[in-house]
Amino acid sequence: MKIGILTAGGDCPGINAAIRGVAKAAILGHNMKVIGITDGFSGLIHKEFVEITENNISGILTLGGTILGTSREKPFKKKKEEQDPEKVELIKKHYKEEKFDCIVCIGGNGTMKTASLLSKEGLNIIGIPKTIDNDVWGTDVTFGFDSAVNIATEAIDRLHTTANSHKRIMIIEVMGHKAGWIALYAGIAGGGDIILIPELPYDENIICKYLEHRALIQKKYSIVVVAEGIKTKDNIRAGEYISKVIQEKINYETRVTVLGYIQRGGTPTPIDRILATRYGTHAVDLIAEGNFGRMVAIHGNNITSIPLSEVEGKTRLVDPLFPLIRKARKIGTCFGDRMP
Ligand code: F6P
């Protein structure tokens, strides 16, 4: 068999571990030919291919980013000025010309949607979910998330000492446009006093009341962990907005840290390397069985798969009743919706 691999959407730690998992399992276990497609779906449109051998993936397990490059090309997305159906036709043409038996698409929600649509167009596709945001529907966790949580937690740890010295309110903005998974996990791991996520609408007065309460009980400083996707007024960035609210309403001294791309770059944690390897090898099992049109997933500690058509167009958000939120409330963490 001949398989292609592409990586699309925002990069994250662990992608190379997944590429390695797919390639090694395919080459060693099934003698498959493995072709790397560069820059996501753009490489399929422009026919940019490079053969992956055991040799040229040596040493990539620990590397962040993606050796194949990525792009946010969405061939099905309709833009007035573009002839998008042509892109899909080109992809189908190149798939046939190259005599691919399957394409493995490593990506987040957007990628899974394109993967599902290509599968409906008759191509053999397997999806592997990745993103630091952990918001791919149908799997308990995506690789990249653990690495991002580690980096964000370390950043919060470091904020504690400087916050304590200066008796300030430290606000840290982490990634997560729609889903607040990183803020939730890093916030709890780093001992954040207030955690704000897009899924739980906050009340500005509660935030201020809680900070005043903490000051009253002699807490010298507070840490506020904010997901970038929380609602703000006037298009002001999340962290900046919460800082403004606190200063205007109670005039406490605040400082804002926007963690940005640091949480998306660099080497994957062992947990992400292992998950990526499990996903990659399971993808090859599915290909060998001819079980296409599916996304590999983890449920509990079991690696499994679900139809791409079920994943298409969905986002895995934090349920406001998620057990971890309830546990955090018990230890006095404020989510901005009510006083703990
Ligand atoms: O990878 C997901 C994500 O990190 C989001 O949380 C973030 O907002 C977005 O990607 C930004 O990525 P880019 O600037 O590369 O589009």
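Here the structure is a predicted model, which means the values were calculated and not measured. Every chain is numbered independently, its residues counted from 1 as its sequence is written. Where local features are concerned, this predicted model is filtered to residues with pLDDT of at least 70; where side-chain atom pairs are given and counted, the filter is 80 or more; whole-chain, interface and lining totals use all residues. Values shown for side chains rest on all heavy atoms present in the structure; no hydrogens or waters enter the calculation.

Visitor: How do you make sense of the packing of helix α1 (residues 15-30) against helix α9 (residues 270-289) when you look at a structure like this?
Guide: Axis angle and axis distance: for two packed helices, these are the angle between their axes and the distance between the axes, and together they describe the pair. Inter-axis angles, ranging from 0 to 180 degrees, are taken between N-to-C directions of lines fitted to C-alpha atoms, where helices are fitted over the stretch in contact. The helix count covers DSSP runs of H or I at least four residues long, the strand count covers runs of E at least two residues long, and both are numbered beginning at the N terminus. With their axes 7 Å apart at the nearest point, α1 and α9 run at an angle of 40° to one another. Between α1 and α9, the interaxial angle falls into the category oblique. Taken as a pair, α1 and α9 cross one another with a handedness that is right-handed. Of the residues in α9, those in contact with Ala17, Ala18, Gly21, Val22, Ala25, Ala26 and His30 of α1 are Arg273, Ala276, Thr277, Gly280, Thr281, Val284 and Ala288. Residue type decides the class: Asp, Glu, Lys and Arg count as charged, Ala, Val, Leu, Ile, Met, Phe, Trp, Tyr, Cys and Pro as nonpolar, and the leftover types, Gly among them, as polar. In the contact of α1 with α9, the residues fall into eight nonpolar, five polar and one charged. We call two directions roughly parallel when the angle between them is under 35 degrees, roughly antiparallel when it is over 145, roughly perpendicular when it lies between 65 and 115, and oblique otherwise. The hand of a helix crossing depends on one turn: near helix anticlockwise from the far one by less than a right angle means left-handed, and clockwise means right-handed. Every residue pair with non-hydrogen atoms within 4.5 Å of one another is taken to be in contact.

Visitor: Help me understand helix α4 (residues 109-120), please; the structure alone is not making it clear to me.
Guide: Structural remark: α-helix, 3.6 residues per turn; residues separated by three or four positions point the same way. In a helix, the anticipated span is given by 1.5 Å times the number of residues less one. Between its first and last C-alpha, α4 extends 17 Å over twelve residues, near the 16 Å set by a 1.5 Å rise per residue. Under the scheme applied here, a residue whose accessible area is under 20% of the maximum for its type counts as buried, over 50% as exposed, and between as partly exposed, the area being computed with a 1.4 Å probe on protein chains only. Three or more residues of α4 are buried, namely Asn109, Thr111, Met112, Thr114, Ala115, Ser116 and Leu118. Positioned one or two residues after α4, Gly122 has a phi angle of 105°, which is positive.

Visitor: Just checking my understanding: could you explain the sheet that holds strand β11 (residues 302-307) for this structure?
Guide: Paired through backbone hydrogen bonds, the strands of a sheet run either parallel or antiparallel to each other. Whether two strands pair comes down to DSSP finding at least two bridges between them. The strand order across the open sheet built from seven strands is β3-β2-β1-β4-β5-β10-β11, with neighbouring strands paired in mixed fashion. Each edge of the open sheet is held by one strand with a lone partner, namely β3 (49-52) and β11. In this sheet, neighbouring strand axes are inclined to one another by 30° on average, regardless of whether the strands run parallel or antiparallel. Two elements, strand β4 (residues 102-107) and strand β5 (residues 125-129), share five bridges in a ladder whose sense is parallel. Following the sheet pairing, Gly107 is matched in β5 by Pro129. Across the sheet, α9 lies against β1 (2-7), β4, β5, β10 (294-299) and β11, angled at about 135° from β10, the strand it touches most.

Visitor: Explain the domain arrangement of the protein here, please?
Guide: Where the parts come together, the accessible area they lose is often given as the size of the interface. An automatic or database domain assignment supplies the residue ranges for each domain. Parsing the protein into structural domains produces domain 1 (2-144 + 268-300) and domain 2 (145-264 + 320-330). Averaged C-alpha coordinates put domain 1 and domain 2 at centres separated by 34 Å. Contact with domain 1, which involves 18 residues of that partner, is made by twelve residues of domain 2. A quick way to say it: buried area is the sum, across both parts, of accessible area lost when two parts are put together, with a 1.4 Å probe. Across the interface of domain 1 and domain 2, roughly 1100 Å² is buried in total on both sides, 52% from carbon and sulfur atoms. On the domain 1 side of the interface with domain 2, the three residues burying the most area are Ile132, Asp133 and Asn134, jointly 44% of the side's total.

Visitor: Got a minute to help me understand the pairing of strand β8 (residues 222-227) in this structure?
Guide: Here is the key point about a regular strand: its side chains alternate between the two faces of the sheet. Here β8 lies mainly inside the structure; six of its six residues are buried. Taking every second residue as pointing to the same face, both faces of β8 are buried, with Ser222, Val224 and Val226 on one and Ile223, Val225 and Ala227 on the other. Sheet analysis places strand β6 (residues 169-174) next to β8, joined by six bridges and oriented parallel. Counterpart to Met170 in the pairing with β8 is Ile223. Sheet analysis places strand β7 (residues 194-196) next to β8, joined by three bridges and oriented parallel. Among the inter-strand pairings, Leu196 is bridged to a residue of β8, identified as Val226. Every crossover in which the path from the first strand over the helix to the second runs clockwise, viewed with the strands pointing away from the viewer, is termed right-handed. One crossover worth recording links β7 to the parallel β8 by way of helix α7 (residues 204-216), and it is right-handed.

Visitor: How do you make sense of the environment of Val34 when you look at a structure like this?
Guide: Positionally, Val34 belongs in strand β2 (residues 33-37). Residues Val34 and Arg316 lie 282 residues apart in sequence; the distance between their C-alpha atoms is 31 Å. Filtering out sequence-adjacent residues up to four positions away, Val34 remains in contact with Ile3, Ile5, Ala23, Ala26, Ile27, Val50, Glu51 and Ile52.

Visitor: When you look at a positive patch on the surface in this model, what are you seeing that I'm missing?
Guide: For patch detection, residues must exceed 30% relative accessible area and be free of salt bridges, and they are connected within 9 Å for like charges or within 5 Å for nonpolar side chains (Val, Leu, Ile, Met, Phe, Trp, Tyr). Here the accessible surface of atoms and residues is derived via Shrake-Rupley with a 1.4 Å probe, and residues count as covered only by protein chains that are part of the display. Every case where a carboxyl oxygen of Asp or Glu lies within 4 Å of a side-chain nitrogen of Lys or Arg is listed as a salt bridge. We count Lys and Arg on the positive side and Asp and Glu on the negative side, and we leave His and both chain ends out. A single reference atom marks each charge: NZ on Lys, CZ on Arg, CG on Asp, CD on Glu. A contiguous patch of positive charge, built from Arg72, Lys74, Lys77, Lys113 and Lys178, is present on the exposed surface. Looking at where Arg72 falls in the secondary structure, it is placed in the loop between β3 and α3 (84-97). Residue classification places Arg72 among the exposed residues on the basis of a relative accessible area of 59%.

Visitor: Hey, could you run me through helix α5 (residues 145-166) in this one?
Guide: The end-to-end C-alpha distance of α5 is 31 Å, a good match for the 32 Å that 22 residues give at a rise of 1.5 Å each. In this structure, the buried side of α5 is in contact with β6, α6 (181-189), β8, β9 (254-258) and α9. Following α5 by one or two positions, Lys167 adopts a phi angle in the positive range, close to 55°.

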